[in-house]
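The residues making up each chain are set out below.
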Amino acid sequence: MTDQTRNRLQQRYQLVLKRIHQAETTAERTPDSVRLLAVSKTRSAEEIALLAGLGQTRFGESYLQEALVKIDQLGDKGVEWHFIGRIQSNKTRPIAEKFAWVHSVASLKHATRLSQQRPPGLPPLNICLQVNTSGESSKDGLSEVALREQFKAYTALPNLSIRGLMTIPAPAAGNAAQHAPLMRLRLLRDELKSAQIPLDTLSMGMSDDLEAAIEEGATIVRIGTAIFGPRQYNQ
Ligand SMILES: *Cc1c(COP(=O)(O)O)cnc(C)c1O
């Protein structure tokens, strides 16, 4: 990494932290109530290490093979790994073994495997259930109907801690269109949470809608491009 690259990464990172704090203030949220998940898919272990050196602890990865290489390179020294990508049934074991969080659980079969494969001695795997808030324009995530029907079954799995809900809204033009799916996720969370299962997490908000997500109650925003710049898939 050149000095210029290093400086630019540092500046972008500080700017994202500033956007989060500003949005917390505007939304009259408690300061530091929103956690930043740095989405590091396609980015190098070196870039991750630089951000970790600046105090960033949470990193999100979407592609399992790529993530496992970086986890090996960086270990867990101060870094908490979150899996946010599409889950394949035959690849749940390394996710259960290497990650602290999974944001993209949308099938009871996957959840059951993750619970069975979570190594004894590790704390429960933190889970967000992914919800399809965009209807037919997206195939990813549980429908609201399926979520309501299956919610109890997810919470009964012994080695998982169901922390909340996650969504990836379809791209939306305009403020109201941006807010609608984010608000739906919050209302669903409010409906499902209980004293036993407090659902303290709303994983929503990416580079383009982080302010809207914080206004709607996001507790974890997942930011890639605004920190690292455009993704380079050929690297
Ligand atoms: C890539 C990705 C992000 C980050 O998106 P940006 O627009 O680059 O901030 C967030 N969440 C998920 C699930 C992703 O795959």
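Quantities reported herein were computed from a predicted structural model and do not represent experimental measurements. (Residues numbered from 1 in each chain as written. Predicted model: local features only at pLDDT ≥ 70, side-chain atom pairs only at ≥ 80, totals over all residues. Heavy atoms only, no water.)

### What to know about the overall build of the chain
For the chain, the helix and strand inventory stands at nine helices and eight strands. A globule of 235 residues ought to have a C-alpha radius of gyration of about 18 Å, and the chain, at 17 Å, matches this closely. Judged by the C-alpha coordinates and their principal axes, the chain covers about 50 × 40 × 30 Å. Long-range contacts, defined as pairs at least 24 residues apart, comprise 57% of the intrachain contacts of the chain with a sequence gap of at least 6. About 11,600 Å² of surface is accessible on the chain, with carbon and sulfur atoms providing 50% of the total. Seen as two clouds, the 29 positive and the 24 negative side-chain charges of the chain have centres 4 Å apart. (Helix = DSSP H or I, 4+ residues; strand = E, 2+ residues; numbered from the N terminus. Rg over C-alpha atoms; globule rule 2.2 N^0.38 Å. Contact = heavy atoms within 4.5 Å. Areas by Shrake-Rupley, 256 points an atom, 1.4 Å probe, with all protein chains shown as cover. Lys, Arg positive; Asp, Glu negative; His and termini not counted. Charge placed at Lys NZ, Arg CZ, Asp CG, Glu CD.)

### Focus: the environment of Ala-38
When you line up the elements, Ala-38 lands in strand β1 (residues 35-39). With residues up to four places along the chain from it excluded, the contact list for Ala-38 reads Leu-51, Gln-56, Arg-58, Phe-59, Gly-60, Ile-223, Ile-227 and Phe-228.

### Some words on the nonpolar core
Val-102, Val-105, Leu-114, Ile-127, Leu-129, Leu-147 and Ile-227 are the most contacted members of the largest nonpolar core, which has 59 residues in total. For Leu-114, the contacting residues outside a window of four places in its chain are Thr-92, Ile-95, Ala-96, Val-102, Val-105, Leu-125, Ile-127 and Leu-160. Val-39, Trp-101, Cys-128 and Met-166 belong to the second-largest nonpolar core, a separate cluster that totals seven residues. (Core = buried A, V, L, I, M, F, W, Y, C linked by side-chain atoms within 4.5 Å. Buried < 20%, exposed > 50% of the residue type's maximum accessible area, 1.4 Å probe, protein only.)

### Overview of the packing of aromatic side chains
Here the structure, examined in full by the defined rule, presents two aromatic pairs. Pairing Phe-59 with Trp-81 gives two aromatic rings, centres 6.2 Å apart and planes at 45°, and the pair type is tilted. Remark: Trp-81 occurs in strand β3 (residues 80-83) and Phe-59 occurs in strand β2 (residues 58-61); sequence separation between them is 22 residues. When its relative accessible area of 0% is taken as the criterion, Phe-59 is described as buried. Owing to a relative accessible area of 3%, Trp-81 belongs among the buried residues under this scheme. Arranged with centres 5.4 Å apart and planes meeting at 75°, the rings of Phe-83 and Phe-99 form a pair that is edge-to-face. Of this pair, Phe-83 sits in strand β3 while Phe-99 sits in the loop between α4 (92-98) and β4 (101-105), and the two are 16 residues apart along the sequence. (Phe/Tyr/Trp six-rings, centres within 6.5 Å; stacked < 30°, edge-to-face > 60°.)

### Regarding the site of the ligand
Around the ligand, a shell composed of 13 residues is seen, among which Lys-41, Ser-207, Gly-224, Thr-225 and Arg-231 lie nearest. Within the contact set of the ligand, an oxygen atom lies 3.4 Å away from a side-chain nitrogen or oxygen of Ser-62. Within the side chain of Ser-207, an N or O atom sits 2.5 Å from an oxygen atom of the ligand. Contact with the protein chains hides 89% of the accessible area of the ligand, taken as 390 Å² for the molecule alone. Split into classes, the residues belonging to the shell around the ligand amount to six nonpolar, four polar and three charged. (Near = heavy atom within 4 Å. Polar contact = N/O pair within 3.5 Å; in protein donor to acceptor, adjacent residues only side chain to side chain. Nonpolar A, V, L, I, M, F, W, Y, C, P; charged D, E, K, R; others polar.)

### Describing the environment of Gln-56
Mapping Gln-56 onto the fold places it in the loop between α2 (45-53) and β2. For the pair Gln-56 and Ala-226, spaced 170 residues apart in sequence, the C-alpha to C-alpha distance is 15 Å. Among all residues touching Gln-56, those that are not within four sequence positions of it are Tyr-13, Leu-36, Leu-37, Ala-38 and Leu-51. At 2.8 Å, the side chain of Gln-56 forms a polar contact with the backbone oxygen of Leu-36.

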